[in-house]
Amino acid sequence: MNTFYFSPIAAILLLSAVTTQAQSLSSGFLPGKKHGSISVSTTQEWYKQVYLVPEKIDQVPIFDRIRIQSVNLYANYGITDKIEAVVSLPFVRSEGHASPQVLQDGNYTNVRQGLQDVTGLLKFKGYSTELGSSILNLLGVVSVSTPASNYKNEQGLEYIIAIGNGATKVSTSGIAHLQTASGVFVTGQTGYSVRSGRVPNAFLAEAKVGYAGPLFYVDGWVSYQKSASSGTDILQPGFDNFFPATRVDFTRVGLSAFRPLAQGFGLVLGASTYVGGRNVGKSTGLTGGLAYNF
């Protein structure tokens, strides 16, 4: 049976580690035994409109608009040809643009920053078969994410700029990945995330179409989250100013690209935007990073 390896693919995963976790940390590729990557990326996100219930609003409450900057450290390693380990840790700065008078009257701050959530992930290939000249792989993923610092997310409207929801998350998902001999691939995955505290659990899904070749990688993706109905809605009955308890639904689309440079190093670029959601900012993000593959 033919086996597809494309070592620069490991680097593209760093695009998944943006602040909002809009894209999954796991792809349909495996790096191979004792292969992997170490990456550093930066993401810039901004939004003014917010998807609320019953309709989208054109200005963030209190803060008018929000800008989020993050730096992410990412590493993955092939334990065997069928098992991969991933670790991701972002530092996040969330900045609002409330007026000095609003800040003074409410005793608010325009900036919150710190280490966000550290994530550890194991991915394994459970099944593989040839379909003509293509290969279909079925993979499973288990991940755990928990706060890496004591960042605050308490009751109060000022925590709309909090850098995370403070929950520990245990997630599982299944991946179907079809790789053609030409380099074109299609990946689909679905999963479920269990969150601690009052943060609603969520159904997760993602679809991706792209090309992985020796000179470059490119893909287009759509990511979807649907929270459990136990959550509340911002500024609606039942909301007690605790944002982590809200139902966060979204649909986000994006593009990713990777270009090998020299001696194992490569350049990663990405862009994404929300096209629908619930209790989430309509943000647009740009990502750039440098990866070393081994």
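The structure displayed is predicted, hence computed values, not measured ones.

Caption draft 1: Layout of the overall build of the protein. The number of helices and strands found in the protein is two helices and 16 strands. Radius of gyration (C-alpha) of the protein: 19 Å, near the 19 Å computed for a compact globule of 294 residues. C-alpha atoms of the protein, sized along the principal axes, occupy 65 × 40 × 30 Å. Expressed as a percentage of its 294 residues, the buried residues of the protein come to 48%. Look at the contacts in the protein between residues 6 or more apart in sequence, and 64% of them connect residues 24 or more apart. Of the roughly 13200 Å² that the protein leaves accessible, carbon and sulfur atoms contribute 60%. With 22 positive and 17 negative side-chain charges, the protein shows a separation of 6 Å between the mean positions of the two kinds.

Caption draft 2: Region of the structure containing the pattern of salt bridges. The tally for this structure, following the rule as stated, stands at ten salt bridges. Linking aspartate 64 and arginine 65 is a salt bridge whose minimum nitrogen-to-oxygen distance equals 3.0 Å. You can call aspartate 64 buried: its relative accessible area is 16%. A salt bridge links glutamate 206 to lysine 208; its shortest N-O distance comes to 3.9 Å. Just as glutamate 206 is buried, lysine 208 falls in that class too.

Caption draft 3: Structural context of the nonpolar core. Tyr47, Val60, Phe63, Ile66, Ile160 and Phe243 are the most contacted members of the largest nonpolar core, which totals 19 residues. With residues up to four places along the chain from it excluded, the contact list for isoleucine 160 reads Tyr47, Val60, Pro61, Phe63, Ile66 and Phe243. Formed by eight residues, the second largest nonpolar core is a distinct cluster that contains Tyr74, Val86, Val141 and Ile175.

Caption draft 4: The pairing of strand S7 (residues 117-131), seen in detail. Direction of pairing for strand S5 (residues 83-96) relative to S7: antiparallel, over a ladder of six bridges. Counted as the bridge partner of glutamate 84 is lysine 123 from S7. Judged from the 14 bridges that link them, S7 and strand S8 (residues 134-147) form a sheet pairing that is antiparallel. Bridge assignment links leucine 122 to a residue of S8, and that residue is valine 142. Two successive antiparallel strands, S7 and S8, enclose a turn made up of two residues, where glycine 132 displays a positive phi of approximately 65°.

Caption draft 5: Geometry of the sheet that holds strand S15 (residues 280-281). Ordered in space as S3-S2-S15, the three strands form an open sheet in which the pairing is antiparallel. The open sheet terminates on both sides in strands that have one partner only, identified here as strand S3 (56-57) and S15. Sheet topology places strand S2 (residues 50-51) next to S15; two bridges connect them, and they run antiparallel. Paired with valine 50 across the bridge in S15 is glycine 281.

What counts, and where the lines are drawn
Residues numbered from 1 in each chain as written. Predicted model: local features only at pLDDT ≥ 70, side-chain atom pairs only at ≥ 80, totals over all residues. Heavy atoms only, no water. Helix = DSSP H or I, 4+ residues; strand = E, 2+ residues; numbered from the N terminus. Rg over C-alpha atoms; globule rule 2.2 N^0.38 Å. Buried < 20%, exposed > 50% of the residue type's maximum accessible area, 1.4 Å probe, protein only. Contact = heavy atoms within 4.5 Å. Areas by Shrake-Rupley, 256 points an atom, 1.4 Å probe, with all protein chains shown as cover. Lys, Arg positive; Asp, Glu negative; His and termini not counted. Charge placed at Lys NZ, Arg CZ, Asp CG, Glu CD. Salt bridge = Lys/Arg side-chain N within 4 Å of Asp/Glu carboxyl O. Core = buried A, V, L, I, M, F, W, Y, C linked by side-chain atoms within 4.5 Å. Pairing = 2+ DSSP bridges.

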